[in-house]
Amino acid sequence: MARGLFAESGADLELVGVRKEFPGFTAVEQLDLTIAAGTFFALLGPSGCGKTTTLRLVAGLEEPTAGRILIGGADVTDTKPFRRPVNTVFQSYALFPHMSVLENVAFGLRRRGIGDPLGKAHTALQLVELDHLAERKPAQLSGGQQQRVALARAVVNRPALLLLDEPLGALDLKLRRQMQLELKNIQTEVGLTFVHVTHDQEEAMTMADTVAVMNKGRIEQIGAPEELYELPRTSFVANFLGQSNLFAGEVVESGDATIGVQAAGRRILVPTERAQRRSGSVTVGVRPEKLLLLTEEPAATAGINVLGPGRVTDVSFSGVSTQYLVEVPGVGTIIVFAQNLVFGPVVERGAEVWVSWRVEHGFGLSDAPVSSIAQAHEALVGGAEA
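What you see is a predicted model, and the numbers here were worked out from it, not measured in a lab.

Trainee: Looking at this model, I keep getting lost on the packing of helix H2 (residues 101–112) against helix H4 (residues 143–155). Mind explaining?
Mentor: Axes are the key here: two packed helices are described by the angle between their axes and the distance separating the axes. Between H2 and H4, whose axes approach to 8 Å, the crossing angle comes to 30°. Considering their axes alone, H2 and H4 lie roughly parallel with respect to each other. Where H2 crosses over H4, the handedness of that crossing is right-handed. Between H2 and H4, the residues in contact are Val101, Asn104 and Val105 and Val149, Ala152 and Arg153, respectively.

Below, the structure written as C-alpha cells:
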C-alpha cells in the first residue's frame, strides 16, 4: 500500500484534569489520560458515560469546564476546531450526495489550498481499496463502502489525530466485523493516532491496542484488551467487558500464592497476585468460559475450585457455545459457557451438576463487595442509564 505517502506520524494526546459540566450534571470528571502517538486507542463505555463528550472536547466542539488538552505537546484547549490537527469520522458518513466519491475525498484539500488534491484523493481511496469506484456518487455505494469513503476523506488530510465516534454503528454485524479488521489495518498502514469511541466491547477489543473503560464520567480501568478481560479490577469492568460470575465473602486465609475466600459456606481460592484486596470483605470472580460443567461431584484436587451441587435452570444455544445457568443453593445463579464440541447440549435443564475451575483463572476486585451476580448486573444497568 501507500505507506510512504502517509508517512507523517500521529501525535500523542494528553488530557490533564479535564472536567466538563452541563447544567444539572457533570459529564466528565477530572479526567487524566495520555494516549501514545501512533496507537489505536478505544474509549469504551455505556451510553451516557461521557465518552462522546470526551471526544468532542478533544475535537474542540465542546469547551472544558476545567483542565487542559494537549496534542503533540501543544496546548490546544483554547484552539478553534478547524485549527486543531484533528479529523473526526462519525456514524453518519455526511458525504456530499451531489459529488463523486473522488470529489468528496478531495473536498477538504481543495478548501485548504493543498496541491494535487485529486492525486492525493486517489491515493487515499487506494488505501481503502475503493479507487475503482472514484467516479460514483455516494448513493451508488453500500453502507460499508460509504464508511470507507468517509475514512479516506479524513485520512487524506493527514491529521495528527483521527477521532472515530461509533463509526460502525450503522452497519450490519457481518460487515461491522469486516470493517473492524480493515480499520485496524488502515491505522497500522497510515501510522496515525486513532481514538475510537464505542459501546461495543467486541469492537474495542478487536481493534484497539489500549482500551479505557469509562463509567459515569470517570475511567474505571485502562490497559490492553486481554489485560482488562482477564483481570478486571472492578465489578463494572468485569460485567461490561463480557460476563462474570462474582462471589462475595470474607478472606479467611492469605498466603503468598493464594487467598481463601469463604462465600456461602464454601471456600474459593484466588491467586494472591490477581487479588486487588487481600483482607476483609471482598468480591472474587471467574469468567463463564473458564468453568467446567460436571455431572458427578469431583474429587478434591489441588489448584481446582468446585461449587455444587446445583440445578441447571436454563440452556441457551448460541452457535459456537452453549450457555448454561446453574442455580447453586446459597451461591445463586452461575453462568457457564461450554464450547459446542458435540451435537446438542451436554446436560439438559433440571440436571444436577457441579462446576469447577482452575484457581489461576480467578480474580479479586478492588471495589466494595457485590453480594450477587444480580446486584452486579443492576449496578451495570444503573451505570448505563446514568
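We are not done yet, so read on.
Trainee: Sorry if this is basic, but what is going on with the sheet that holds strand S2 (residues 25–35) here?
Mentor: Hydrogen bonding along the main chain pairs the strands of a sheet, whether they run parallel or antiparallel. Across the sheet, which stays open at both edges, the four strands sit in the order S2-S1-S4-S5 with antiparallel pairing between neighbours. The sheet terminates laterally at S2 and strand S5 (74–75), the two strands that pair on one side only. The pairing of strand S1 (residues 13–22) with S2 spans seven bridges and is classified as antiparallel. Across the sheet, the residue bridging to Val18 is Leu31, located in S2. Lying over the sheet, helix H1 (residues 51–59) contacts S1, S2 and strand S4 (66–71), oriented at roughly 115° with respect to S1.

Trainee: Explanation requested: a nonpolar patch on the surface in the structure shown.
Mentor: Judged by side-chain polarity, Leu341, Val342 and Val346 come together as a nonpolar surface patch covering roughly 330 Å² of accessible area. Along the polypeptide, Val346 turns up in the loop between strand S18 (332–339) and strand S19 (352–358). Take Val346: its relative accessible area is 54%, and that puts it in the exposed class.

Trainee: Explain unusual backbone geometry here, please?
Mentor: Most peptide bonds take the trans configuration, and most residues that are not glycine carry a negative phi. For the peptide bond that leads from Gly308 to Pro309, omega is 0°, which places it in the cis range. When you line up the elements, Pro309 lands in strand S16 (residues 304–317). With phi around 60°, Glu129 is a residue other than glycine that occupies positive phi space. Exposure remark for Glu129: the relative accessible area of 52% places this residue in the exposed category. The backbone phi angle of Arg158 is positive, close to 50°, even though this residue is not glycine.

Trainee: I keep staring at the domain arrangement of the protein and nothing clicks. Help me out?
Mentor: When the parts of a complex come together, some accessible area is lost, and that lost area is often used as the size of the interface. Per the domain assignment, the segments making up the protein are domain 1 (13–227) and domain 2 (243–385). Taking only C-alpha atoms into account, the centre of domain 1 sits 38 Å from that of domain 2.

Trainee: Explanation requested: the pairing of strand S14 (residues 281–286) in the structure shown.
Mentor: Each regular strand displays side chains that alternate between the two surfaces of the sheet. The element S14 is largely enclosed, with a buried count of five among its six residues. Alignment of strand S11 (residues 245–254) against S14, held across six bridges, turns out to be antiparallel. Bridge pairing links Leu246 to Gly285 in S14.

Trainee: What is the right way to read the pattern of salt bridges from this model?
Mentor: Where charged atoms from two side chains of opposite charge come close, those side chains can pair. Taken as a whole and judged by the stated rule, the model has 15 salt bridges. One salt bridge connects Asp75 with Arg68, and the closest N-O pair in it is separated by 3.9 Å. Across the pair Glu202 and Arg177 runs a salt bridge, and its minimum N-O distance is 2.9 Å. With Glu202 in helix H6 (residues 201–207) and Arg177 in helix H5 (residues 173–190), the pair connects residues that are 25 residues apart, well separated along the chain. Judged by its relative accessible area of 39%, Arg177 is partly exposed.

Trainee: Is there a simple way to explain the confidence of the model for the protein in this structure?
Mentor: Parts of the prediction with low pLDDT should not have their coordinates interpreted in detail. Of all residues in the protein, 93% attain a pLDDT of 70 or more, and the chain-wide mean is 87. A low-confidence stretch, residues 372–377 stays under pLDDT 50, and its non-local contacts, those more than four residues away or across chains, total nine contacts. In the predicted structure, residues 379–386 sits below a pLDDT of 50 and forms 13 contacts with residues beyond four places in sequence or in another chain.

Calculation notes
Residues numbered from 1 in each chain as written. Predicted model: local features only at pLDDT ≥ 70, side-chain atom pairs only at ≥ 80, totals over all residues. Heavy atoms only, no water. Axes fitted to C-alpha atoms, helices over the stretch in contact; angles between N-to-C directions. Helix = DSSP H or I, 4+ residues; strand = E, 2+ residues; numbered from the N terminus. Parallel < 35°, antiparallel > 145°, perpendicular 65-115°, else oblique. Left-handed = near helix turned anticlockwise from the far one by under 90°. Contact = heavy atoms within 4.5 Å. Pairing = 2+ DSSP bridges. Patch = residues over 30% accessible without salt bridge, like charges linked within 9 Å, V, L, I, M, F, W, Y side chains within 5 Å. Areas by Shrake-Rupley, 256 points an atom, 1.4 Å probe, with all protein chains shown as cover. Salt bridge = Lys/Arg side-chain N within 4 Å of Asp/Glu carboxyl O. Buried < 20%, exposed > 50% of the residue type's maximum accessible area, 1.4 Å probe, protein only. Domains from an automatic or database assignment. pLDDT = per-residue confidence, 0-100.

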